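Analysis of the macromolecular model
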Amino acid sequence: MMNWLATRRALARDGVLGINRRNAQYTLPCNPRDRYPLVDDKLLTKELAARAGVAVPELYGVVEIQREVRHVPERLAKYRDFVVKPARGSQGDGILVITGRAHELYRVADGSVLDDEDMCFHVSNILSGVYSLGGQTDKALIEYRVNFDPVFEAITHRGVPDVRIIVYRGVPIMAMVRLPTRLSGGKANLHQGAIGTGVDIATGKTLTAVWRTEIVSEHPDTGNPVSGVRIPHWDTLLDLAARSYELTGLGYQGIDIVLDRDKGPLILELNARPGLAIQIANQAGLGPRLEMAERELPNLHTVAQRVTFARERFAHARA
Amino acid sequence: MRQLHLYALSGVLAAIGCGFFLYKLLILGFPMRPEARTDVWRVEVQLQFEAQGGPARVSLFVPTGTGGLTIVDQSFVSPGYGIVTSPEPGHGMRVTYSIREAHGTQSLYYRAVVERTRLPQDPSRDAEPRLEPPDFEGAQRLAAESITRAARQRSSDSATLAALILQSLRDAPRGGEAAFLLGPQPSARRIAQLATQLIQFAGIPARVVNGIVLAPERRDAHFVHWLQVHTAGRWHPLYITEAEREATEALLPWWRGIVPFAEVSGGSELSHTIATSRSYELATRTALNQQRALERKLIEFSLFGLPLQSQALFRTLMVIPVGILILVVLRNIVGVKTFGTFMPVLIALAFRQTGLVWGIAFFSLVVAIGLAARFYLEQLKLLLVPRLACIVIVVILAIAMLTVLSFRLGLERGLSIGLFPIVILTMTIERMTLVWEERGAAEAFEQGLGSLAVGTLCYLVMKARIVEHLFFVFPELLFVVLAATLLIGRYSGYRLTEIYRFRALAR
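Residues numbered from 1 in each chain as written. Chains lettered and ligands numbered in written order. Predicted model: local features only at pLDDT ≥ 70, side-chain atom pairs only at ≥ 80, totals over all residues. Heavy atoms only, no water.

**Points about the overall build of chain A**
Operational definition: Strands are runs of DSSP state E lasting at least 2 residues, helices are runs of H or I lasting at least 4, and numbering of each runs from the N terminus. Buried means the residue's accessible area, taken with a 1.4 Å probe over protein chains only, is under 20% of the maximum for its type, while exposed means over 50%, and partly exposed covers the values in between. Any two residues having at least one pair of non-hydrogen atoms within 4.5 Å are treated as being in contact. Computed by Shrake-Rupley with a 1.4 Å probe, the accessible areas treat only the displayed protein chains as cover when residues are assessed.
Of regular secondary structure, chain A possesses 10 helices and 13 strands. In chain A, which comprises 319 residues, the share counted as buried stands at 58%. When contacts within chain A are restricted to residue pairs at least 6 apart in sequence, long-range pairs at least 24 apart make up 62% of them. Only carbon and sulfur atoms are counted for the fraction: they give 49% of the accessible area of chain A, which is about 13200 Å².

And the structure:
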């Protein structure tokens, strides 16, 4: 019991954010309800970003009604690789990454194969709302599969690594790279077994990594060190993150960016309730940074000022 | 500012709740603990029928209170009806409700407060009864003679003769004379009727008595039947089953003879339900003795003023918020993962009927069967809504099967599995499958066991008699529960599970 109390005290001292505090102090007051659909529906997010001139993965098509489902294989015929995802999916559920074809079959990122019937069933499930928040009916998006930047080649097992940045009222607060593993089945979600690596906001270099709940220094599948990797286009990434506030109007959000080999940084999705595991990856609590940003906000007027502030103040001590 | 508002609101709510609670406890003297034994019972009859549009007349018997129980108060609730009570010789007291014009479903109520008498009334003062021997004919007469003759040979006096006649009917061997007279599958009422006839046939005055067993919180009491035999100058009871002999203290005689309990003219589909409950003596005493207007109003406008059936419902309803508070604490302060927000509380409600061990066993079995069916259906690639519908059907089938099976194995508890929330179970099974596929079996089991553990805890608290009593007698305590829930709504500290989750950060 004493041990628990001591841990609790240490966490509070370091300003580690718990889910109750995140909800009570940040997501509830800072994120207006009417803005949620903008990020909960990935189709809306895409349109929003496209209008603001922000790069997103190209949309190949949308399936909205069950009748269209049987035509899905024809519509997919011209694409070798693509991603099928629910417009309102949560926590990465229901995302199917097709990396190529073998005869009549689709190759999935996790190494399995699907036939046309499996594909139609998956799409139909998405439309029924199996993966959506609250189970409402949903749309299925078919979009460009990102060819990720070779910088992460050595530390990724299948799937697409992405960069998650927490943004508080336009100020990038904390960042991490999420690296798929064999365990995560090619998905970049930490609770599914992906690795989260902290990122130094100042330099864009990766720091320590967390896998499940432990700190690791090497990728469990490839054995290569995960820290010290410099993320390319880091300036652009911070700029995208800082701009996302004006895009959605959400005061506390997580922005997921992928680095494409040819197209550069693309916004994958925005999240109005970003998870807290980023703190473990960075070995730091969100609390002090959020408070610092809050104090400084009245003096930060432009996107550039917000980025500069973040780079100066949130530099990692050991980097 | 927001915090202040919240604290003020919670404070006011808690103050209102505690204030009323203390006032009722200390000034009005409401009981803090459920009493082990009280001698006041409330009985309520609800009659329903479909009126045909013209004049309608309903008559029913009301208890007259002989023996160890007396009717201290009775009331007739029937909007627009005229009420006449008249004694009906040989049967009891009959009440007639009548109205010139009635349409649609009609509900009539009769309520009585029954108290145990200090000095049991001696029934021997009744006039010497007339003997009305039945006229059996042909084969029936032969059978009746044979039974009474056999009993007479083994008896020493009228009392034992009557008892032996009843006994020969009770364990009538198949194909015997008694079975012939009783007919196939005789009811207790039929046995009572025939025993009375045979005892009269043997020359002893006897009659059938219909009544109910007073039990705490019964929503659907049934009439039971027993005999009274006049020997040695007074009536003696003669019970058909052991259950009544044991409950003799709580047997409320209602009317006598084989005549229907209630009759209707000008209407159809007459049905009745009878509810009984132990009344809180202190509460009634306060209401009756202290004639202060405000206090009487308070009691009239409390849950005690409701019809008994609704009272029984509210006994359950009032403890649900306690379960919900526990759920909120476990989810937001401890951080237990459960399927569905309020599923565990519904499970806990179902456990109230099945008992804990059986409840958990049945719940696990039904979920296991549902999961197996769900995984099988996965291959068929069904659409969501038909798939859910299939699981609902499988769940109902599983519940029916388990009920029959456990009943055949002699487990009475099994009969209450039907009360499991079927739709909630189905959604649980569907969610569990998805979690299983997306996050693995470990996560699915974690959430499943979490739900079960929370449900168990809620059940243990909601079942406690003291909790049920407190929230029924002092519903204002719900304001305190509401205040606590409001406060948790702004709790922003760590959840216990987060301390474990972030332990790597606490260097």
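**Remarks on the overall build of chain B**
Counting its secondary structure elements, chain B contains 18 helices and 12 strands. Long-range contacts, defined as pairs at least 24 residues apart, comprise 77% of the intrachain contacts of chain B with a sequence gap of at least 6. By element, 61% of the accessible surface of chain B is carried by carbon and sulfur atoms, the whole surface being about 25300 Å².

**Describing the sheet that holds strand E13 (residues 264-271) of chain A**
Residues and elements named next belong to chain A. Where we set the bar: Strand pairing is assigned whenever DSSP identifies at least 2 bridges connecting the two strands. Between N-to-C directions, angles span 0 to 180 degrees; the directions come from axes that are lines fitted to C-alpha atoms, helices contributing only their stretch in contact.
The sheet built from seven strands is open, its strands ordered E11-E10-E9-E8-E7-E12-E13 with antiparallel pairing. Edge positions in the sheet fall to strand E11 (214-216) and E13, since each of these pairs with one other strand and no more. Pairwise comparison of adjacent strand axes, ignoring direction, gives a mean angle of 30 degrees for this sheet. Here strand E7 (residues 162-168) runs beside strand E12 (residues 252-260); their pairing, made up of six bridges, is antiparallel. Bridge assignment links Arg 164 to a residue of E12, and that residue is Asp 256.

**Notes on the sheet that holds strand E10 (residues 251-256) of chain B**
Residues and elements named next belong to chain B. Taken together, the four strands give an open sheet; going across it, the order is E9-E8-E7-E10, and neighbouring strands pair in antiparallel fashion. Two strands in the sheet have a free side with no partner beyond their single neighbour: strand E9 (234-238) and E10. Sheet twist, expressed as the mean angle between neighbouring strand axes with direction ignored, is 40 degrees. Where helix H3 (residues 158-170) meets the sheet, its contacts fall on strand E8 (224-231) and E9, and the angle it forms with E8 comes to roughly 150 degrees. Along the sheet, helix H5 (residues 188-201) makes contact with strand E7 (206-213), E8 and E9, crossing E8 at roughly 15 degrees.

**A few points about the nonpolar core**
Cut-off, in case you're wondering: Take the buried Ala, Val, Leu, Ile, Met, Phe, Trp, Tyr and Cys residues and link them wherever side-chain atoms come within 4.5 Å; each set so joined is a nonpolar core.
Grouped together as the largest cluster of nonpolar side chains are 76 residues, with contacts concentrated most on Ile165(A), Ile173(A) and Leu286(A). Excluding residues within four positions of it along the chain, Ile165(A) makes contact with Pro172(A), Met174(A), Ala175(A), Trp234(A), Leu237(A), Ala241(A), Gln253(A), Gly254(A), Ile255(A) and Ile257(A).

**Side note on the packing of aromatic side chains**
Inclusion rule: Think of it this way: a Phe, Tyr or Trp ring, Trp meaning its six-membered ring, pairs with another when their centres are within 6.5 Å, and the plane angle makes it stacked under 30 degrees, edge-to-face over 60, tilted otherwise. Two conditions define a charge sitting above a ring: the NZ of Lys or the CZ of Arg must be within 6 Å of the ring centre, and it must be within 35 degrees of the ring normal.
Counted according to the given criterion, the structure contains 20 aromatic pairs over all chains. Look at Phe76(B) and Tyr97(B): their rings are 6.2 Å apart centre to centre, the planes differ by 70 degrees, and that puts the pair in the edge-to-face class. Residue Phe76(B) is located in strand E3 (residues 69-77), and its partner Tyr97(B) is located in strand E5 (residues 92-99); the two are separated by 21 residues in the primary sequence. The exposure class assigned to Tyr97(B) is buried, which follows from its relative accessible area of 1%. Feature note: the residues Phe61(B), Phe223(B), Trp254(B), Trp255(B) and Phe261(B) constitute an aromatic cluster, connected by ring pairs. The ring of Tyr144(A) is capped by Lys263(A), whose NZ or CZ atom sits 4.2 Å from the centre of that ring. Geometry around Tyr109(B) places Arg111(B) over its ring, the cationic atom sitting 5.9 Å from the centre.

**Digging into helix H10 (residues 303-313) of chain A**
One turn of an α-helix holds 3.6 residues; hence residues three or four places apart share an orientation. Residue and element names in this part refer to chain A. Test applied: By arc we mean the arc of the directions from the helix axis to the C-beta atoms, nothing more.
Residues of H10 that are buried: Val 303, Arg 306, Val 307, Phe 309 and Ala 310. Taken end-on, H10 shows its buried residues confined to a sector of 160 degrees, consistent with a single buried face. Of the exposed residues in H10, the ones pointing more than 90 degrees away from its buried face are Ala 304 and Glu 312.

**A short note on unusual backbone geometry**
Keep in mind that most residues, glycine aside, have a negative phi and that most peptide bonds are trans. Despite not being glycine, His103(A) has its phi angle at roughly 55 degrees, a positive value. As for its position among the elements, His103(A) is in the loop between strand E3 (96-102) and strand E4 (105-108). On the basis of relative accessible area, His103(A) is assigned to the exposed category, the value being 80%. Of note, Glu269(B) is a non-glycine position whose phi angle comes to about 55 degrees, a positive value.

**With respect to the packing of helix H12 (residues 356-378) of chain B against helix H15 (residues 441-463) of chain B**
Residues and elements named next belong to chain B. Stated formally: Any angle between 65 and 115 degrees counts as roughly perpendicular, while under 35 counts as roughly parallel, over 145 as roughly antiparallel, and the rest as oblique. The crossing is said to be left-handed when, going from far helix to near helix, the turn is anticlockwise and less than a right angle, and right-handed when the turn is clockwise. Asp, Glu, Lys and Arg are counted as charged, while Ala, Val, Leu, Ile, Met, Phe, Trp, Tyr, Cys and Pro are counted as nonpolar; the rest, among them Gly, fall into the polar class.
Running from amino to carboxyl end, H12 crosses H15 at an angle of 155 degrees, the nearest separation of the two axes being 11 Å. The orientation of H12 with respect to H15, classified from their angle, is roughly antiparallel. In terms of crossing hand, the pair formed by H12 and H15 is right-handed. Only Leu 452, Thr 456, Tyr 459 and Leu 460 of H15 make contact with H12, whose side of the interface consists of Leu 356, Ile 360, Phe 363 and Ser 364. In the contact of H12 with H15, the residues fall into six nonpolar, two polar and no charged.

**Quick notes on the interface of chain A and chain B**
Note the threshold: When two parts are brought into contact, each loses some accessible area as probed by a 1.4 Å sphere; the total of that loss over both is the buried area. By the criterion applied in these results, polar contacts are pairs of N or O atoms within 3.5 Å in which, for protein atoms, one can donate a hydrogen and the other can accept it, and in which residues neighboring in sequence qualify only through two side-chain atoms.
Facing the 40 residues of chain A at the interface are 27 residues of chain B. Carbon and sulfur atoms supply 57% of the area that chain A and chain B bury against each other, a total of about 3200 Å² over both sides. Its largest share of buried area at the contact with chain B, chain A owes to Trp4(A), Asn20(A) and Phe121(A), together 21% of the area lost on that side. For the pair chain A and chain B, the number of links is 10 residue pairs in polar contact (both at pLDDT 80 or more). Among the secondary structure elements, those contributing two or more residues to the side of chain A that touches chain B are helix H1 (2-13), helix H2 (19-30), helix H6 (116-128) and helix H8 (278-282) of chain A. Top contributing element to the side of chain A that touches chain B by residue count: H1(A), with seven residues. Residue composition of the side of chain A that touches chain B, grouped by class: 16 nonpolar, 16 polar and eight charged.

**Overview of the confidence of the model for chain B**
All names here are of chain B. Quick note on the threshold: Looking at any residue, its pLDDT shows the predictor's confidence there, from 0 to 100.
When pLDDT is averaged along chain B, the result is 80, and 89% of the positions lie at 70 or above. Mean pLDDT across the elements of chain B bottoms out in helix H7 (residues 281-289) (47) and peaks in helix H17 (residues 477-489) (93). Scored below 50 in pLDDT, residues 282-291 shows 14 contacts in the model against residues more than four places distant or in partner chains. With pTM at 0.66, the complex prediction returns an ipTM value of 0.76.

**Details of the pattern of salt bridges**
Note the cut-off: The working definition used for a salt bridge is a side-chain nitrogen of Lys or Arg within 4 Å of a carboxyl oxygen of Asp or Glu.
Evaluated as defined, the whole model comprises 26 salt bridges over all chains. A salt bridge links Lys42(A) to Glu269(A); its shortest N-O distance comes to 3.9 Å. Here Lys42(A), found in helix H4 (residues 42-51), pairs with Glu269(A), found in strand E13; they are 227 residues apart in sequence, far enough to count as distant. Residue Glu269(A) is classed as buried on the basis of its relative accessible area of 16%. Where Arg111(B) meets Glu44(B), a salt bridge forms, and the shortest distance between an N and an O atom there is 3.0 Å. With a gap of 67 residues between them, Arg111(B) in strand E6 (residues 103-116) and Glu44(B) in strand E1 (residues 40-52) connect regions that are remote in the sequence. Salt bridges here are not isolated pairs; linked through shared partners, they connect Asp162(A), Arg164(A), Arg178(A) and Asp256(A).

**Let's talk about the side chain of Asp162(A)**
Residue position: Asp162(A) is located in strand E7. If we skip the residues at most four places from it in the chain, Asp162(A) touches Met176(A), Val177(A), Arg178(A), Ala188(A), Asp256(A), Ile257(A), Val258(A) and Leu268(A).

**So, the environment of Gly104(B)**
Residue and element names in this part refer to chain B. With respect to the helices and strands, the residue Gly 104 is situated in strand E6. Judged by relative accessible area, which is 31%, Gly 104 ranks as partly exposed. Distance from Gly 104 to Gln 52, taken between C-alpha atoms, is 7.1 Å for residues 52 residues apart in sequence.

**A short note on the packing of helix H10 (residues 320-334) of chain B against H15(B)**
Residue and element names in this part refer to chain B. Orientation of H10 relative to H15, taken along the N-to-C sense of each, is 140 degrees, at an axis distance of 9 Å. Where H10 crosses over H15, the two elements pack in a sense that is right-handed. Facing H10, whose interface residues are Ile 320, Val 322, Gly 323, Ile 326, Leu 327 and Leu 330, H15 presents Val 454, Leu 457, Cys 458, Val 461 and Met 462.

**A closer look at the environment of Arg42(B)**
Residues and elements named next belong to chain B. Tracing the backbone shows Arg 42 in strand E1. What makes Arg 42 partly exposed here is its relative accessible area of 21%. Sequence separation between Arg 42 and Gln 74 is 32 residues, and the spatial gap between their C-alpha atoms is 9.6 Å.

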